[in-house]
Amino acid sequence: MIGALTIARRETSALFSTPVGWIALTAFTFIGGFFFTAMLIGYFDAYSQSVLNPGQADQLSVNEWVIQPLFSNLGVIALFIVPAVTMRLIAEDRRQRSIELLLTSPVSSYEIALGKFLGGMGFALVMAASTLPFTWFLYTMGDPDTGIVISNYVSFVLMLGTLIAMGTFASSVTENQIVAFMISFAGGLFLWISNWLVQSMGDGAAKTGIEYLSMLKHAESMGKGLLHVQDVVYFLSFIGFFLFATAQRVEALRWR
Amino acid sequence: MIEVQGLTKSYGDTLALSDVSFTVRQGEVVGFLGQNGAGKSTTMRIIAGSLGASSGTARVGGFDVAEEPRKVQAMLGYAPETPPVYTNMTVGDYVRFAAQLKGVSDVDGATKKALGRVGLDAVSHRIIDNLSKGYRQRVGLAQALVHDPRVLVLDEPTSGLDPAQRIEIKNLIHDLSLADDRTVMLSTHVLTEIEAICSRVIIIHRGKIVAQSDLATLAGGAGKLVRIEVARPDGLLDVLRKVQGVKTAEQDGARFMVTGESDLREAVASASVSYGLISLQGERLEDTYIRLTTGVTV
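K.L.:
What's the story with the overall build of chain A in this structure? I'm lost.
P.N.:
On a plain count of helices and strands, chain A comes out with 13 helices and 0 strands. Going residue by residue from the N terminus, the α and β elements of chain A occur as α-α-α-α-α-α-α-α-α-α-α-α-α. Since a compact globule built from 256 residues should have a radius of gyration of about 18 Å, the 20 Å found for chain A is in line with a globular shape. Seen through its principal axes, chain A has C-alpha atoms that stretch 70 × 45 × 30 Å.

K.L.:
Can you walk me through the overall build of chain B in this structure?
P.N.:
In terms of helices and strands, chain B carries 11 helices and 14 strands. If you line up chain B on its principal axes, its C-alpha atoms span 70 × 45 × 35 Å. The contacts in chain B between residues at least 6 apart in sequence include a share of 65% that link residues at least 24 apart.

K.L.:
Looking at this structure, how should I read the confidence of the model for chain A?
P.N.:
Detailed reading of predicted coordinates is not advised where the pLDDT is low. Of all residues in chain A, 98% attain a pLDDT of 70 or more, and the chain-wide mean is 88. By mean pLDDT, the top-scoring element of chain A is helix H7 (residues 109-129) of chain A (94), and the lowest-scoring one is helix H3 (residues 56-59) of chain A (69).

K.L.:
Help me understand the sheet that holds strand S6 (residues 76-79) of chain B in this model?
P.N.:
Strand pairing within a sheet occurs via backbone hydrogen bonds; the two strands may be parallel or antiparallel. All names here are of chain B. Read from one edge of the open sheet, 6 strands run S6-S7-S8-S3-S9-S10, paired in mixed fashion. On the outer flanks of this sheet lie S6 and strand S10 (208-214), each paired with one strand and no other. When strand polarity is set aside, the average angle formed by the axes of neighbouring strands in this sheet is 15 degrees. Across 4 bridges, strand S3 (residues 29-33) lies against strand S9 (residues 200-205) in parallel orientation. Within the sheet, the bridge partner assigned to Val30 lies in S9 and is Arg200. Packed on one face of the sheet, helix H1 (residues 40-48) meets S3, S6, strand S7 (151-155), strand S8 (183-187) and S9 and runs near 150 degrees to S7.

K.L.:
Sorry, what's going on with the interface of chain B and chain A here?
P.N.:
When the parts of a complex come together, some accessible area is lost, and that lost area is often used as the size of the interface. Contacts between the two partners involve 23 residues from chain B and, on the opposite side, 18 residues from chain A. Elements supplying a minimum of two residues to the side of chain B that touches chain A: helix H2 (69-75) and helix H3 (91-101) of chain B.

K.L.:
Mind showing me how you'd approach the nonpolar core here?
P.N.:
The nonpolar side chains of a soluble globular protein tend to be buried, and buried together. Residue and element names in this part refer to chain B. Residues Tyr94, Ala142 and Val153 are the most contacted members of the largest nonpolar core, which totals 137 residues. In contact with Ala142, not counting residues within four places along its chain, are Val95, Ala114, Leu115, Val118 and Leu120. Grouped together as the second largest cluster of nonpolar side chains are 11 residues, Leu225, Val226, Ala249 and Phe256 included.

K.L.:
Just to check I follow, could you spell out the packing of H7 of chain A against helix H9 (residues 146-172) of chain A for this structure?
P.N.:
How two helices pack is summed up by the angle between their axes together with the distance between the axes. Residues and elements named next belong to chain A. Closest axis-to-axis distance for the H7/H9 pair is 9 Å, and the angle between their directions is 140 degrees. Judged on the interaxial angle alone, H9 and H7 are oblique. In the crossing of H7 with H9, the sense of the turn from one axis to the other is right-handed. Only Tyr153, Phe156, Val157, Leu160, Gly161, Ile164, Ala165, Gly167 and Thr168 of H9 make contact with H7, whose side of the interface consists of Ala113, Lys116, Phe117, Gly120, Met121, Ala124, Met127 and Ala128. Classifying every residue of the contact of H7 with H9 gives 12 nonpolar, 4 polar and 1 charged.

K.L.:
Quick question: what am I supposed to make of the sheet that holds strand S1 (residues 2-11) of chain B here?
P.N.:
All names here are of chain B. An order of S2-S1-S4-S5 is seen for the 4 strands of this open sheet, with the pairing classed as antiparallel. Where the open sheet ends on each side, the last strands, each with one partner, are strand S2 (14-24) and strand S5 (63-64). Bridging between strand S4 (residues 55-60) and S5 involves 2 bridges; their strand directions are antiparallel. Across the sheet, the residue bridging to Arg59 is Asp64, located in S5. The sheet strands contacting H1 are S1, S2 and S4, and the helix crosses S1 at an angle near 120 degrees.

Cut-offs applied
- Residues numbered from 1 in each chain as written.
- Chains lettered and ligands numbered in written order.
- Predicted model: local features only at pLDDT ≥ 70, side-chain atom pairs only at ≥ 80, totals over all residues.
- Helix = DSSP H or I, 4+ residues; strand = E, 2+ residues; numbered from the N terminus.
- Rg over C-alpha atoms; globule rule 2.2 N^0.38 Å.
- Contact = placed C-beta atoms within 7 Å.
- pLDDT = per-residue confidence, 0-100.
- Pairing = 2+ DSSP bridges.
- Axes fitted to C-alpha atoms, helices over the stretch in contact; angles between N-to-C directions.
- Core = buried A, V, L, I, M, F, W, Y, C linked by C-beta atoms within 7 Å.
- Buried ≥ 20, exposed ≤ 12 C-beta atoms within 10 Å, placed from the backbone.
- Parallel < 35°, antiparallel > 145°, perpendicular 65-115°, else oblique.
- Left-handed = near helix turned anticlockwise from the far one by under 90°.
- Nonpolar A, V, L, I, M, F, W, Y, C, P; charged D, E, K, R; others polar.

Here's what the structure looks like:
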């Protein structure tokens, strides 16, 4: 476990000692800020119009108009940003042979996989923290529901965790970082929108199954402030599955 | 300290190692010789636990590498041919990372000691990417040394270095082997290095061990091949051919090479002394090596 934390610490600091991490973080906060501003403007417009119809103004909730769509959009930005951050996690080690240091140190393949994942999570937490000014702004100007804010953050971090676990795995199957990017981006996009794909399908087990795979569906349900066990289990089981798969890949590297 | 028994490794249809067995005793410095692709790196990676064998066992300090890799890796330092470095880290940070990874208790102390040993104190704040190849090689060594391992496995530690750097690294390995009764196994192409620091040689050829013995024994066939250089070579060739026991004699300017079935050194020396004998040399490790790996006498 100490080995995993050692690897994680190195990975997170490596991301911030190269331009990659800073560029990704800048892109994320910039685009996120853009969406946030657009939603605020939309909210203010609706609010100023509703002043003419007393009663309607009370129904305009900052939670529904700003927080939920904001996190939904941040999720979409993360779909693009996270693969760019995770693509190098293991692929770069393999290319520059530093993987040999990990493989010949007294740490198990599971610790290596976990360390790489946690290293990515360190970045994800910085990403999530970079949105705190948005919520702080909402608190100073209005009265958002703290429960909804928290559940949105929880679902956002879980979603980042899923993307990072998948990205770590993608990075372990190839030495080519671009290929790793493509795999994790395609995988993330599929998980994000898989419920769109089956909208025209008739009801049945297949539809329910594919819908269940959709991150968007689970994130939306959590974004409304409902912390259902099934949604948390959904994200955690993906993270667990990809960590396991990554550890298997790392172990397989010892047999090539 | 290192016991390798019936090690076999195949990559798909290619057999990289075939029934490789040898032992390295504690405190020994063993040279591992072989041509490119002979299986040196494969063997060393299996011992270091970064590669699994198809069959056979490798044991280090009594522990089977396949069964208890963490125990082996905690007492073994491995430096692959390409230093396993993160090029965007500083030297100090990298060695500190390696120390933490290997579970060293006093990380700062161990890092400082390892950097000092390989002569990297002065560059510890530099980014590895900006270092010369010689320095990178030393960073690779520092990584292998940082947990003060009892066994060192070094894959071509001097490859790509200039002669001065080679000598430095060679001396460093020599010092390391003397200190703390450390066991060292190193592979190299440079035979003079083996002669200078190794007590024993293992020669591998096409995945098979073709020779393993003390350096002295290996060169025991010394007198069967004699090289001389004389000041006045005219007519010496015929004289040499008539020396008792000589099978072949060849001339290359002022240099001659004589082979036979028994020790010819004394006979050849007395025959050539009147021709102004400058130097006489028995079979060198190089000759033995080439004889064993190519079957050709040079």
